[in-house]
Amino acid sequence: MTPGAVSQDEAQVHEVSSPLTMGDSPSPSPPPSGLSNPPHPDPPPRQVPNGPYAVILENDNEPPVVPRETPPPGSSEDKPLQATQREKPPISEPKPQTKPLDVDICFLRHLRSTSNVISPPGTAGLVLTDLTAHQVLSWAWHGVNQGTAQPVKRGEFLWDGLTEEGLATSLLLKEDWKKIEGVRIVISSPLTRSLQTAHEIFYCNALYLNQAFQEATNWPQDRRAHTYFEGGREFTSYIMLKGGDGPDCGEVVRREKVKVNDAHWLSSFPKMSREERLKDILTAPTQESIETRAANGRQLLYEMARKLEGVHRSRRQPGTPKLVCVTHGGMINFLTGDFYCSFRRDDDRSDWEWVTSSALSPGDTVVYRFQPTDDDPYNLTEKPRTEEYAAALGGRYKVLKDIGHEYHNPDGSLVDQKAEYMKFNKQVAEDVARVHARDPELFNYLLGVPGPTMDGEMGDRFYLARFQEEQNDDYQPAA
């Protein structure tokens, strides 16, 4: 089958669904074919969905404080201050007046995604970052379309999205969360795996996105996916893997097409050219930059929770109102200030070794409350174990302080989990730089969309036509 003969129906559509009643806003037209550097599309205009709590952010004279996000390095917004501005003495701002809030802040780690796929030792499969861009294109195009794509060993660097196992788990969690009263607002990371998790699980009156909650590492899948427009709607695509813990977890299921415009941005998403996006990914995040983003996220959560509490009381609603934040394991550590990572050791005489950035499994929830202190007006404190969550979520509900995730080495020293996390973060940045240096063309392809309907530079069609023109050969599945 020639590329032109691939029908749109071959990409099975799984539209993330939501019970929200929203009008379809006009979307920009798709970029003309052949653009050498198509800009990232503007996010859909902010709308407020219908429902009894839809006016939380609209019926208050004081709009929520949305901290200004740090512009990506090299973007048009990333400009130095003028000399006259730098000469002005710093202004000491008074600490904001905050108070404890009677609102549960539920941090939910996204469900299992392609980036969570790690095949058991000895399992056969491809390591895509060891292949060329031509071979990965062959795997993602011909292999997936013909059902002959070989499994992969690991999911890092792949396009972002939930695995088949992750989507199946969402059906179970949806029923569990229905047993919990008072979920009024859901805020999500803009990454596809988190957005899918939020859409699949919650029947809620408001779903919002903000960059403050995206993952702290800089793998390509830890940045918002490239999107495109069809029929006035915004989509992204990825290659869905089977997932799970078995030797077949890396098997290819299908190309998945996800509608991403059924959510509302709480702040503008800065336009980024392809070069700016690449520079952003290749810039290793520092501890300071991550902590600043987390502080902005806490302030945003506080402002929304404060308004939610006011509306809840004015309407004399029973129970405790709840705000759910769907985000990532590493980012939950920074948002809460409690670092609970995962380590292992061979025996009691061995030092602990790093495993992963979170003690939470995908789909787990921890619950916090705002309890301001003199030093931190937006301090979050983990809520003691609550029967409501335990009865509804079972083992998916964690109280980490009760479990006691502390690791002592044989010499009595306590493992500094935050320092170990930053070592891991640095290793990820070095791995990203290595992959890009080895094959920039492969890296650029992985920043795009693996879909047959794309006409711009970021899609398969561009690369397929380009490589066939250069090589004049017929691609076969990667061996």
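Here the structure is shown first, and the text comes after it.
What counts as what
- Position labels on residues start from 1 in each chain and follow its written sequence.
- Reporting of local features is limited, given that this is a predicted model, to residues whose pLDDT is at least 70; pairs of side-chain atoms are given and counted only at 80 or more, and all residues count toward the totals for whole chains, interfaces and linings.
- Hydrogens and waters are ignored; side-chain quantities use all the structure's heavy atoms.
- Strands here are runs of E lasting at least two residues and helices are runs of H or I lasting at least four, both read from the DSSP assignment and numbered beginning at the N terminus.
- The contact definition used throughout considers only heavy atoms, calling two residues in contact when any of these lie within 4.5 Å.
- Exposure was quantified through the Shrake-Rupley algorithm and a 1.4 Å probe, taking into account, for residues, occlusion by the shown protein chains and nothing else.
- Helix axes use the C-alpha atoms of the stretch in contact, all axes being lines fitted to C-alpha atoms, and the angles between their N-to-C directions lie in the range 0 to 180 degrees.
- Angles below 35 degrees are treated as roughly parallel, those above 145 as roughly antiparallel, those between 65 and 115 as roughly perpendicular, and all remaining angles as oblique.
- Residues were grouped as follows: Ala, Val, Leu, Ile, Met, Phe, Trp, Tyr, Cys and Pro as nonpolar; Asp, Glu, Lys and Arg as charged; and all remaining residues, including Gly, as polar.
- By definition here, a salt bridge exists when the distance from a side-chain nitrogen of Lys or Arg to a carboxyl oxygen of Asp or Glu is within 4 Å.
- Working definition: with a 1.4 Å probe on protein chains only, accessible area under 20% of the residue-type maximum means buried, over 50% means exposed, and in between means partly exposed.
- In this scheme, strands are said to pair when DSSP sees at least two bridges between them.
- The sense of a crossing depends on the near helix, which, turned anticlockwise from the far helix by less than a right angle, makes the crossing left-handed and, turned clockwise, makes it right-handed.

Along the chain, the regular secondary structure elements total 12 helices and 12 strands. Partitioning the intrachain contacts of the chain with sequence separation of at least 6 by distance along the chain shows that 77% fall at a separation of at least 24. Counting only carbon and sulfur atoms, one obtains 48% of the accessible surface of the chain, whose full area is about 21500 Å².

Let us look at the packing of helix H6 (residues 287–314) against helix H7 (residues 329–336). Direction vectors running N to C along H6 and H7 enclose 70 degrees, while the axes themselves pass 8 Å from each other. Considering the angle they form, H6 stands roughly perpendicular to H7. Of H7, the residues touching H6 (which contributes Ile-290, Glu-291, Arg-293, Ala-294, Gly-297 and Arg-298) are Met-331, Phe-334 and Leu-335. Counted by class, the contact of H6 with H7 contains five nonpolar, one polar and three charged residues.

Summed over the entire model, instances satisfying the criterion amount to 24 salt bridges. A salt bridge links Arg-369 to Asp-102; its shortest N-O distance comes to 3.0 Å. Of the two residues, Arg-369 is situated in strand S11 (residues 365–370) and Asp-102 in the loop between helix H1 (83–86) and strand S1 (104–109); the sequence distance between them amounts to 267 residues. Accessibility expressed as a relative area gives 16% for Arg-369, which makes it buried.

Okay, the sheet that holds strand S4 (residues 228–230) next. Across the sheet, which stays open at both edges, the three strands sit in the order S4-S5-S6 with antiparallel pairing between neighbours. Looking along the sheet, the strands with just one partner apiece sit at the ends: S4 and strand S6 (252–259). Neighbour-to-neighbour, the strand axes of this sheet turn through a mean angle of 40 degrees, independent of strand direction. Bridging between S4 and strand S5 (residues 233–241) involves three bridges; their strand directions are antiparallel. Bridging across to S5, Glu-230 finds its partner in Arg-233. Here helix H2 (residues 133–146) sits on the sheet in contact with S5 and S6, set at roughly 105 degrees to S6. Sitting on the sheet, helix H3 (residues 164–177) touches S5 and S6, and the angle it makes with S6 is about 60 degrees.

Quick look at the pairing of strand S8 (residues 322–327) now. Most of S8 sits out of view: six of its six residues are buried. Strand direction decides the pairing type here: S1 and S8, joined by six bridges, are parallel. When the bridges of S8 are listed, Asp-104 appears paired with Lys-322. Examined bridge by bridge, strand S2 (residues 183–188) and S8 share five bridges and lie parallel to one another. By the bridge assignment, Ile-185 is partnered in S8 with Leu-323.

In this section: the sheet that holds S2. The mixed open sheet is built from seven strands, whose spatial order is S7-S3-S2-S8-S1-S11-S12. The open sheet has two free edges, formed respectively by strand S7 (264–265) and strand S12 (380–382), since each of these has just one partner strand. As paired elements, S11 and S12 share three bridges and run antiparallel to each other. When the sheet's bridge partners are listed, Tyr-368 is paired in S12 with Glu-382. Together, S1, S8, S11 and S12 form the strand contacts of H7, whose direction differs from that of S1 by roughly 155 degrees.

The next thing to look at is the packing of H3 against helix H4 (residues 192–201). Remark: H3 packs on H4, axes separated minimally by 8 Å, with the N-to-C direction vectors making an angle of 45 degrees. As summarised for this structure, H3 and H4 are arranged oblique, according to the angle between their axes. Judged by the sense of rotation from one axis to the other, the crossing of H3 with H4 is right-handed. For the pair H3 and H4, the contacting residues are Leu-167, Ser-170, Leu-173, Lys-174 and Trp-177 in the first and Gln-196, Glu-200 and Ile-201 in the second.

Before going further, it helps to spend a moment on the environment of Leu-195. Mapped onto the elements, Leu-195 comes out in helix H4. A relative accessible area of 4% means that Leu-195 is categorised as buried. Linking Leu-195 and Leu-209, residues 14 residues apart in sequence, is a C-alpha distance of 8.3 Å. Filtering out sequence-adjacent residues up to four positions away, Leu-195 remains in contact with Ser-188, Ser-189, Leu-207, Leu-209, Val-260 and Ala-263.

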